[in-house]
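Below, each chain spelled out in residue letters.
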Amino acid sequence: MAVKQFVPAKKAKRVQKHSVILFIVVFSFVCLAVASCVVNYSRAADNNAQASQMSGECEEIKNENEELKRFLEDKNHDEYYEKIAREQYGYAKPGERVFYDSSFGN
């Protein structure tokens, strides 16, 4: 009978050894899955922020396009050219005096 008791004892150690290895493998897979979820969540958050920024830029471009469409539909472009000449190039009408604030740039 002593032989019968000795054989199951080896089996029990072998089963424990396999269960420890199985636990390590399963634990590793769970850790990898959790890490993958965290990475995907952070990427999704970055993508949402980028999408929000792009939608704001898209709205600005749509507004600019509408303004340009109105300009093209308007037959009188003189006011637009006058505005550009005054604001961007510093032109003035004949006899008009233009004053500049020199303290603004300092």
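Notes on the structure follow.

Thresholds, definitions, all that
Residues numbered from 1 in each chain as written. Predicted model: local features only at pLDDT ≥ 70, side-chain atom pairs only at ≥ 80, totals over all residues. Heavy atoms only, no water. Phe/Tyr/Trp six-rings, centres within 6.5 Å; stacked < 30°, edge-to-face > 60°. Helix = DSSP H or I, 4+ residues; strand = E, 2+ residues; numbered from the N terminus. Buried < 20%, exposed > 50% of the residue type's maximum accessible area, 1.4 Å probe, protein only. 1 Å grid on protein atoms, 1.4 Å probe; cavity = no way out; pocket = protein on both sides within 12 Å on 5 of 7 lines; lining within 4 Å. Points joined across faces, edges and corners; volume = space filled by probe spheres on them. Nonpolar A, V, L, I, M, F, W, Y, C, P; charged D, E, K, R; others polar.

As for the packing of aromatic side chains
Alright, step 1. Counted by the stated rule, this structure contains four aromatic pairs.
Alright, step 2. A ring pair is formed by phenylalanine 23 and phenylalanine 27, whose centres lie 6.0 Å apart and whose planes are at 20°; its orientation type is stacked. Highlighted residues: phenylalanine 23 and phenylalanine 27, both in helix α1 (residues 2-73), separated by four residues, approximately one helical turn.
Alright, step 3. Residue class for phenylalanine 27 comes out partly exposed when judged on its relative accessible area of 48%.
Alright, step 4. On the numbers, 4.4 Å between centres and 50° between planes, the contact of phenylalanine 71 with tyrosine 80 is tilted.
Alright, step 5. On the basis of relative accessibility, which here comes to 22%, the residue phenylalanine 71 falls in the partly exposed class.
Alright, step 6. Ring pairing ties together the aromatic residues Phe71, Tyr80 and Tyr81, which thus form one cluster.

Quick word on the layout of surface pockets
Alright, step 1. The space that makes up the largest pocket amounts to roughly 150 Å³.
Alright, step 2. Lining the largest pocket are Glu67, Leu68, Phe71, Tyr80, Lys83, Ile84, Glu87 and Gln88.
Alright, step 3. Counting residues per element, the lining of the largest pocket draws most heavily on helix α2 (residues 78-89), which supplies five residues.
Alright, step 4. Residue composition of the lining of the largest pocket, grouped by class: four nonpolar, one polar and three charged.

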